[in-house]
Amino acid sequence: MAIKNEYLLDLLERTKKRNPGEPEFIQAVTEVFTSLEPVIEQRPDLVEAGVLERIVEPERQIIFRVPWVDDNGKPHVNRGFRVQFNSAIGPYKGGIRLHPSVNLNIIKFLGFEQTFKISLTTLPMGGGKGGSDFDPKGKSDNEIMNFCQSFMTELYRHICADLDVPAGDIGVGAREVGYMFGQYKRIKNEWVGVLTGKGLTYGGSLARKQATGYGLCYFTNEMLQANGMSFEGKTVLVSGSGNVAIYACEKATEYGAKVVAMSDSNGYIYDKNGIDLDLVKQIKEVERKRIKEYVSVHTDAEYHEGCKGIWTIPCDIALPCATQNEIDGESAAILVKNGCKVVSEGANMPSTPEAIDTYLSNGLLYGHAKAANAGGVATSGLEMSQNSLRLSWSFEEVDQRLHGIMKSIFKACDENSKKYGMPGNYMAGANIAGFIKVAEAMKAQGNV
Ligand code: NDP
Ligand code: 2IT
């Protein structure tokens, strides 16, 4: 994947200079630009309107201090971020990540990706992302609450149901969203759907918890069927064991596949009989423990330290659902050598550029993150609709809408990959379809 178009090369250079020390952000921009070459040639009007210069520059970046006190009375300070990347097609929308690796670069890459992902969902939302370098591991409930309340005590003034609607991401699930929502409501003295992924007793949507993992499998199933394949009888690897991974495992198994491995940031489990998902849910969702606990119940399963090793297990389908750049060129080559035919991404940007080159040059079916994991934010959009309507839809109704959205996303990827001369390159199709809608909206709204 090399960019040849002079305008794109020049803009990429300027973007690198303007954002020094932000490798993941530059990686995300480079990847989108790689897909956009044929669009730029056919749409000089978008270049003339300065759309690309503006699309790589966040509309607003907020950085703030998050002081909190631990259970021993010791004060701590973390750094909070909210990047409001693009509001051309709706209020900023995107999760909050709590992980020690969070910095402005990570939040910018996620916010940039989010803009195009949301455009693909066809729902009226823009792109944003937030987070903090706070490490939730090993913290008590009380410490988590203290942190979330402090985080929201600053963030509340920058968000609003019609302006910016955060949600979960790594380290943020229903518990954290609940604490943040409670604090927002208390400060603002208003009940509005300002966060999604809320609990079901206070405005959360049925099927939101399942949505990213289920949506990933709905998308992957469309891609498989379009190429004369199915999940039935396939061996699947799912990295991670968090929200996305658990429900990807559930739906893939429902489709007749056998998931044989899952992981966390310490290591991976391999169960040749197929993962016992009830046990994983108990360990991760209820007890909040490490994935290695699995082998103390299933003594015939294996636990291996280190997360990269999961990609050395022979499989038909790999579903990376943990974090960015978790599959590098070397792991991708091993997957291919072992017969893997499909990679579909639940995590955001889980494949390095070298890994993507390996998938494409070996003819793998590659479900790109912006398309394949868009089901989570799409269902967040459905949660916003329900909150505005003061209604709650049934699980079946939300799930059906999610399924329909994922089918239409696959169709958009497929059609655009063909229209722009790269049939079967669903990454290019996703980037192009996502870009064109945002770009048209930006052009129509003038140079703002
Ligand atoms: P969770 O916090 O629920 O789970 C994250 C999982 O990934 C955990 O198993 C975690 O292990 C593992 N992980 C995190 N960081 C690393 C790392 N550096 N190396 C190896 N493993 C790691 O998060 P989600 O499931 O919500 O998110 C997973 C991915 O999916 C992220 O890329 C996120 O941006 C993306 N995503 C999430 C959506 C959502 O709706 N939640 C929607 C779309 C995309 P450990 O417990 O050891 O940290
Ligand atoms: O990356 C993502 O799409 C998410 N973390 C979900 C965002 C959301 O607003 O539901």
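Predicted model only: the values in this text are computed from it and were never measured.

It is worth spelling out the site of ligand 1 at this point. The full set close to ligand 1 counts 27 residues, and Asp-169, Thr-212, Ser-265, Arg-290 and Asn-348 are the nearest of them. Separating an oxygen atom of ligand 1 from a side-chain N or O atom of Thr-212 is a distance of 2.7 Å. Taking Ser-265, its side chain carries an N or O atom lying 2.4 Å from an oxygen atom of ligand 1. Summarising the interface, the protein chains cover 86% of the accessible area of ligand 1, which totals 890 Å² for the free molecule. Going through the elements one at a time, helix H8 (208-226) and helix H9 (243-254) are the ones with two or more residues in the shell around ligand 1. Grouping the constituent residues of the shell around ligand 1 by class yields 6 nonpolar, 13 polar and 8 charged.

Next up on the list: the pattern of salt bridges. Counted under the stated rule, the structure contains 27 salt bridges. In this structure, Glu-440 engages Arg-43 in a salt bridge whose closest nitrogen and oxygen atoms are separated by 2.9 Å. With Glu-440 in helix H17 (residues 426-444) and Arg-43 in the loop between helix H2 (23-42) and helix H3 (44-48), the pair connects residues that are 397 residues apart, well separated along the chain. Across the salt bridge formed by Asp-264 and Lys-284, the nearest N and O atoms sit 3.5 Å from each other. Of this pair, Asp-264 sits in the loop between strand S7 (258-263) and strand S8 (267-270) while Lys-284 sits in helix H10 (residues 277-286), and the two are 20 residues apart along the sequence.

We now examine the site of ligand 2. In the vicinity of ligand 2 lie 14 residues, with Lys-93, Lys-117, Lys-129, Asp-169 and Ser-380 positioned nearest. The side chain of Lys-117 places a nitrogen or oxygen atom 2.7 Å from an oxygen atom of ligand 2. Here an oxygen atom of ligand 2 and a side-chain polar atom of Asn-348 are 3.0 Å apart. At the level of secondary structure, the elements contributing two or more residues to the shell around ligand 2 comprise strand S3 (92-98), helix H5 (104-121), strand S5 (164-168) and helix H15 (375-389). The class makeup of the residues in the shell around ligand 2 is 2 nonpolar, 7 polar and 5 charged.

One can describe the packing of H9 onto H10 by two numbers: an axis separation of 11 Å at closest approach and a directional angle of 170 degrees. One element, H9, and the other, H10, form an angle in the roughly antiparallel class. Packed against H9, whose contacting residues are Ile-246, Tyr-247, Cys-249 and Glu-250, the element H10 presents Leu-277, Val-280, Lys-281, Lys-284 and Glu-285 at the interface. A breakdown of the residues in the contact of H9 with H10 according to their chemical character gives 5 nonpolar, no polar and 4 charged.

Conventions we followed
- Residues numbered from 1 in each chain as written.
- Chains lettered and ligands numbered in written order.
- Predicted model: local features only at pLDDT ≥ 70, side-chain atom pairs only at ≥ 80, totals over all residues.
- Heavy atoms only, no water.
- Near = heavy atom within 4 Å.
- Polar contact = N/O pair within 3.5 Å; in protein donor to acceptor, adjacent residues only side chain to side chain.
- Areas by Shrake-Rupley, 256 points an atom, 1.4 Å probe, with all protein chains shown as cover.
- Helix = DSSP H or I, 4+ residues; strand = E, 2+ residues; numbered from the N terminus.
- Nonpolar A, V, L, I, M, F, W, Y, C, P; charged D, E, K, R; others polar.
- Salt bridge = Lys/Arg side-chain N within 4 Å of Asp/Glu carboxyl O.
- Axes fitted to C-alpha atoms, helices over the stretch in contact; angles between N-to-C directions.
- Parallel < 35°, antiparallel > 145°, perpendicular 65-115°, else oblique.
- Contact = heavy atoms within 4.5 Å.

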